[in-house]
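Spelled out, the chains give:
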Amino acid sequence: MAAENSEGPTVGFIGLGRMGGPMARHLVAAGFTVQGFDLSDEALERHRAAGGLAADSPAAAAHDATYVITMLNTDEALQTVVEDPGGLLEVLQPPQVLIDMSTSRVGTIRRLAQRLAERGVPLLDAPVTGGAQGAQAGTLDVMAGGDPAVFERCRPLFAAIGRKATYVGPIGSGLLAKYVNQIVMAATFCAAAEGLALAASGGADPGKVYEAISSGLAASPLLDTSVKAIFSRSYGQGAELSLYHKDAAYALAAASDLKAWLPITAQVHEAFNLAMRAGFGSGAGSGVAQVWEQIMDIQLQPVPQEQHD
Ligand code: NAD
């Protein structure tokens with residue numbers, strides 16, 4: 001277990017996966033003592049190799065930590081780590097702060113915030129964008145909800161792992177901002193696929209169609225990355241499709257609670273349901289285009305030059 005540190009403040013870090021592993025490494029490099037916990041021995045070993053300390057439970061990771069960060073793959077995992085017997089809810093006490101940096105459910109975060117407040121412990125929701133590449137490079141963008149004074153206290157942590165931290169509003173607001181990011185991205189993946197499918201089914205060359213529109217106002221780095229992935233059939237880069245599927249579901253659940261109208265997200269989620277069912281979940285989000293290819297039995301590919309001649 002963790003030894004007392006002689007460096008900067010101690011951080012308990014739970015969830016050392018693709019995102020959490022490199023984030024914890026940046027905290028170590030910035031001088032924090034980082035007591036990490038993960039169910040995976042390999043993740044713990046990597047954390048140790050990067051100069052972190054390995055704890056054997058969430059409670060042990062939180063022991064004597066000024067800040068405790070969770071970076072877990074599912075909302076269910078967050079609930080387990082916080083609320084299960086022996087979990088964080090039993091051990092955290094003021095002036096400790098819990099910061100959930102996962103993309104969780106707003107409803108869960110608000111409930112946990114209430115339960116922790118009964119112990120006098122503040123919770124921030126502080127999800128990130130920038131993907132695994134941004135986590136490795138330390139260039140994540142953080143968007144946070146909760147008490148603004150607590151957010152200010154946590155700024156040094158955010159500065160160590162990212163390039164920008166934005167306070168968005170009360171608890172749950174960071175997640176709402178993250179959902180907006182995910183809705184825009186997932187809808188763009190679907191719009192690219194749908195547009196190219198329309199062009200291809202009418203006999204237009206998808207490659208030429210994209211060439212024609214790629215310098216106008218519809219152009220964006222996101223659209224460009226998506227279309228290049230579709231044309232090269234390489235879905236190995238970028239956040240996994242399964243994460244967009246999860247996040248659209250969380251956005252729809254929040255919309256149901258808030259009575260908000262999300263017709264585009266609902267349709268996008270339907271397409272991602274099919275993509276998950278077809279086994280595309282571990283590829284990049286732009287791989288949802290394969291659903292259009294399968295349903296319409298078409299190829300979203302540029303027509304080779306010789307066929308134009
Ligand atoms: P991941 O699956 O790579 O890592 C999650 C880690 O949590 C794993 O190492 C797993 O062993 C650990 N874990 C699961 N349950 C646990 C438990 N009960 N106790 C301790 N450890 C446990 O996931 P990730 O890609 O790092 O994503 C983490 C969060 O970040 C998700 O909410 C995701 O939506 C969000 N996110 C991911 C990306 C991305 O590109 N991967 C980008 C932005 C945000």
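Per-chain numbering applies: the sequence of each chain, read as written, is numbered from 1 onward. Residue-level local features of this predicted model are given only where pLDDT is at least 70; pairs of side-chain atoms are given and counted only at 80 or more, and the full residue set underlies all totals for whole chains, interfaces and linings. Side-chain numbers here rest on the full set of heavy atoms in the structure, without hydrogens or water.

Visitor: Mind laying out the environment of Asp100, listing which residues take part and the relevant values?
Guide: Note on conventions: DSSP H or I runs of at least 4 residues are helices, E runs of at least 2 residues are strands, and numbering of each starts at the N terminus. Among the secondary structure elements, Asp100 is positioned in strand β5 (residues 97-100). Think of it in three bands: residues with accessible area under 20% of the maximum for their type are buried, residues over 50% are exposed, and the middle band is partly exposed, with areas taken using a 1.4 Å probe on protein chains only. Taking the relative accessible area as the measure of exposure, Asp100 reaches 1% and is therefore buried. A sequence separation of 79 residues divides Asp100 from Tyr179, and the C-alpha atoms of the two residues are 15 Å apart. Whether two residues are in contact is decided by their heavy atoms, any of which lying within 4.5 Å being enough. The contacts of Asp100, once residues within four sequence positions are left out, are Thr70, Leu78, Ile109, Leu123, Leu124, Asp125, Ala126 and Pro127. Here the side chain of Asp100 touches Thr70 through a polar contact of 2.8 Å, side chain to side chain. In protein, a polar contact means a hydrogen-donor-capable atom and an acceptor-capable atom, both N or O and within 3.5 Å, with residues adjacent in sequence counting only if both atoms are side-chain atoms; elsewhere, any N or O pair within 3.5 Å suffices.

Visitor: Account for helix α1 (residues 20-29), with residues named and values stated.
Guide: Within α1, 7 of the 10 residues are buried, which leaves the element mostly enclosed by the surrounding structure. Residues of α1 that are buried include every one of Gly20, Pro22, Met23, Ala24, His26, Leu27 and Val28, and no others.

Visitor: Break down the packing of helix α9 (residues 173-201) against helix α13 (residues 263-277) for me, citing the residues and quoting the values.
Guide: Packed helix pairs are specified by the crossing angle of their axes together with the interaxial distance, meaning the distance between the axes. Axes here refer to lines fitted to C-alpha atoms; in helices the fit is confined to the stretch in contact. Angles between the N-to-C directions go from 0 to 180 degrees. It is at 10 Å that the axes of α9 and α13 come closest, and there the two elements cross at 60°. With respect to their mutual orientation, α9 and α13 come out oblique. For α9 against α13, the interelement crossing comes out left-handed. Contact residues: α9 offers Ile183, Ala186, Ala187, Phe189 and Cys190, while α13 offers Ile264, Thr265, Val268, Ala271 and Phe272. Gly falls in the polar group here, along with every residue not listed as nonpolar (Ala, Val, Leu, Ile, Met, Phe, Trp, Tyr, Cys, Pro) or charged (Asp, Glu, Lys, Arg). Taken together, the residues of the contact of α9 with α13 break down into 9 nonpolar, 1 polar and no charged. Note that the term roughly parallel is reserved for angles under 35 degrees, roughly antiparallel for angles over 145, roughly perpendicular for angles of 65 to 115, and oblique for everything else. Throughout, a crossing is termed right-handed when the near helix is turned clockwise from the far one, and left-handed when it is turned anticlockwise from it by less than a right angle.

Nothing here speaks to function; it is all geometry.
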